[in-house]
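Commentary on secondary and tertiary structure
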Amino acid sequence: MRNITVTKASMPEYEEFIEAIKPLWDSRRITNMGSYHQELERALAEYLDVPELSLLVNGHMALEMTIQAFHFPEGSEVITTPFTFVSTTHAIVRNGLKPVFCDIKKSDYTIDEDRIEDLITEKTVAILPVHVYGNICNAERIGEIARNYDLKVIYDAAHAFGETYRGRGVGSLGDASIFSFHATKIFNTIEGGASAFASHELYERLYNLKNFGIRGETLVVGVGANAKMNEFCAIMGLCNLKHVERDIAERKQRVGYYLKKLEGRKELDCPVYRDDIRYTYGYFPVLFREELCGCGMRDIVYERLKESGIYSRKYFYPVTSDEVCFKNKYRDIAIENARYVSENILVLPLHPDLEYEIMDEIAEIVTECLDTRTTERGM
Ligand SMILES: *Cc1c(COP(=O)(O)O)cnc(C)c1O
């Protein structure tokens, strides 16, 4: 049985990578912030249009260590979204902080900026929104709230690699933004991640955190861990960066194709693309409007696709606040939109090499499921 996955790791030509890693056999300098690490930090800061950038071993550690670098008092509260990959919530909790789950908007699934202020207490120290599926949060309003209440803003920009918002790199929003370069993301370094920010002090703090606080042969200035990116991963990143624009263009074409295939189905909410955002098309989420398709249509489509060897994903189900490890542990806040979206959304396969015939098939299965249900319901 074939296996059509939701994404596929982007890789350079085999010969290109082999050629690129050859110098490592002479130098034997394969990690510890070598020349490729430095080169990739510079190249990514430029590509992402951010003032400063620190490479890390993965996106999760980038987020965890970025939060840590702000030295928030233990037990402080961080206002965040429950509609995200569980990493976002783990990073807060593993720093000894309490997540405060704020509901999202049904329009673009990002944190509802109008509900943030009501959740602020004397213990709140930060807001941690997610540019989910590459939809950029209302950064102006969030920034304004943060200024009024003296809070930090850290964006989980794992889904927004290469995007710009009103002409600026998304990584320049807030006090810091983290990116993931995991194999499943638009741009990968096999495993990897980065934190972007404007403060050079933050760069120094992250440097200590990711490299044991070592500043000299016998000098350790801070308590840190090991979260450095190695040279093989950095070279993979340098190779992949060369074709990322082509990949984005291929993704954009496929998104246009899906939209054309599914247009006119009022039971579906497909992504809406705004003029003030440059998208990089990491995901194609489809929301099955419960009030029009009835309950459970998302799961029906998921199963039907699976029977045909096509693996869509229920990103993100359940909401992270309902995961076994977090349930009933934090402030109980109404998050009806997040639950609704989480129960009805499905991310369809999308990557630069996805065949158009497969997309035809996917669209047919979705349409068939919708039509069958409509007939059953006598609509
Ligand atoms: C992928 C992802 C992460 C974690 O990144 P890794 O590189 O896999 O550690 C964090 N947040 C979101 C929203 C993600 O999608």
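As the structure is a prediction and not an experimental result, all values here were calculated from the model. (Residues numbered from 1 in each chain as written. Predicted model: local features only at pLDDT ≥ 70, side-chain atom pairs only at ≥ 80, totals over all residues. Heavy atoms only, no water.)

With respect to the overall build of the protein
Cut-off, in case you're wondering: A run of H or I in DSSP counts as a helix once it spans at least four residues, and a run of E counts as a strand once it spans at least two, with each numbered from the N terminus. Each residue is placed in one exposure class: buried if its accessible area under a 1.4 Å probe, protein chains only, is under 20% of its type's maximum, exposed if it is over 50%, and partly exposed if it falls in between. Contacts were defined at the residue level, with two residues in contact if any of their heavy atoms lie within 4.5 Å. Per-residue and other accessible areas were derived by the Shrake-Rupley procedure at a 1.4 Å probe size, with only the shown protein chains allowed to occlude residues.
Scanning the protein from N- to C-terminus turns up twelve helices and 15 strands. Split into buried and exposed, the 379 residues of the protein put 56% on the buried side. A sequence separation of at least 24 residues applies to 72% of the contacts in the protein between residues at least 6 apart. On the protein, roughly 17,000 Å² of surface is accessible, and the fraction owed to carbon and sulfur atoms is 50%.

A closer look at unusual backbone geometry
Residue phenylalanine 316 follows tyrosine 315 across a cis peptide bond; omega there is 0 degrees. Among the structural elements, phenylalanine 316 can be located in the loop between α10 (297-307) and α11 (336-344). Along the chain, tyrosine 317 connects to proline 318 via a cis peptide bond; the corresponding omega equals -10 degrees. Structurally, proline 318 is set in the loop between α10 and α11. In this structure, arginine 28 takes a positive phi of about 60 degrees despite not being glycine. A relative accessible area of 61% places arginine 28 in the exposed class.

Comments concerning the side chain of aspartate 247
Along the polypeptide, aspartate 247 turns up in helix α8 (residues 231-262). The exposure class assigned to aspartate 247 is buried, which follows from its relative accessible area of 2%.

Remarks on the domain arrangement of the protein
Short version of the rule: Residue ranges for the domains trace back to a domain assignment, done automatically or taken from a database. In the sections that follow, a salt bridge refers to a side-chain nitrogen of Lys or Arg positioned within 4 Å of a carboxyl oxygen of Asp or Glu.
With domains assigned, the protein is organised as domain 1 (14-238) and domain 2 (243-377). Each of domain 1 and domain 2 has a C-alpha centre, and the two are 26 Å apart. Across the domain 1-domain 2 interface, the total number found is three salt bridges. Glutamate 336 is the salt-bridge partner of arginine 115, the closest N and O atoms lying 3.4 Å from each other.

As for the pairing of strand β9 (residues 193-197)
Threshold: Note on pairing: two strands pair once DSSP finds at least 2 bridges between them.
With five of five residues buried, β9 lies mostly within the body of the structure. In β9, alternate side chains face the same way, and those of Gly193, Ser195 and Phe197 on one face and Ala194 and Ala196 on the other are all buried. Inspection of the sheet shows strand β1 (residues 52-56) paired to β9 by five bridges, in the antiparallel sense. Residue pairing in the sheet places serine 54 in a bridge with serine 195 of β9.

Here we look at the state of the cysteines
For clarity, the threshold we go by: Only a pair of cysteine sulfur atoms within 2.5 Å qualifies as a disulfide here.
Counted by the stated rule, this structure contains zero disulfides. Counting only cysteine sulfurs, cysteine 137 is the nearest neighbor of cysteine 102, a cysteine outside any disulfide, at a range of 10 Å. According to the relative accessible area criterion, cysteine 102 is buried, its value standing at 0%. In this model cysteine 270 remains outside any disulfide bridge; the closest cysteine sulfur is found in cysteine 293, 11 Å from its own.

Some remarks on the pairing of strand β4 (residues 124-128)
This is how the line gets drawn: With strands facing away from the observer, any crossover in which the path from the first strand over the helix to the second runs clockwise is taken as right-handed.
Within β4, five of the five residues are buried, which leaves the element mostly enclosed by the surrounding structure. With four bridges connecting them, strand β2 (residues 77-80) and β4 associate as parallel partners. When the sheet's bridge partners are listed, glutamate 77 is paired in β4 with threonine 124. Each parallel crossover has a hand, and for β4 linked through helix α6 (residues 139-149) to strand β5 (residues 152-156) it is right-handed.

Some points on the packing of aromatic side chains
So the rule is basically this: Whether two aromatic rings pair depends on their centres lying within 6.5 Å, for rings of Phe, Tyr and Trp, where Trp uses its six-membered ring; planes under 30 degrees apart make the pair stacked, over 60 edge-to-face, and the rest tilted. Two conditions define a charge located above a ring, namely a distance within 6 Å from the ring centre to NZ of Lys or CZ of Arg, and an angle within 35 degrees of the ring normal.
Tallied over the entire structure, the rule returns 21 aromatic pairs. A centroid spacing of 5.5 Å and a plane angle of 20 degrees characterise the contact between tyrosine 47 and phenylalanine 161, whose relative ring orientation is stacked. With a gap of 114 residues between them, tyrosine 47 in helix α3 (residues 35-48) and phenylalanine 161 in the loop between β5 and β6 (164-165) connect regions that are remote in the sequence. The exposure class assigned to tyrosine 47 is partly exposed, which follows from its relative accessible area of 25%. Residue classification places phenylalanine 161 among the buried positions, given a relative accessible area of 2%. Feature note: the residues Phe83, Tyr109, Tyr133, Tyr283, Tyr315 and Phe316 constitute an aromatic cluster, connected by ring pairs. The residue whose ring lies beneath lysine 106 is tyrosine 340, and the NZ or CZ to ring-centre distance is 4.1 Å. Its end group placed over the ring of tyrosine 317, arginine 298 keeps NZ or CZ at 5.0 Å from the ring centre.

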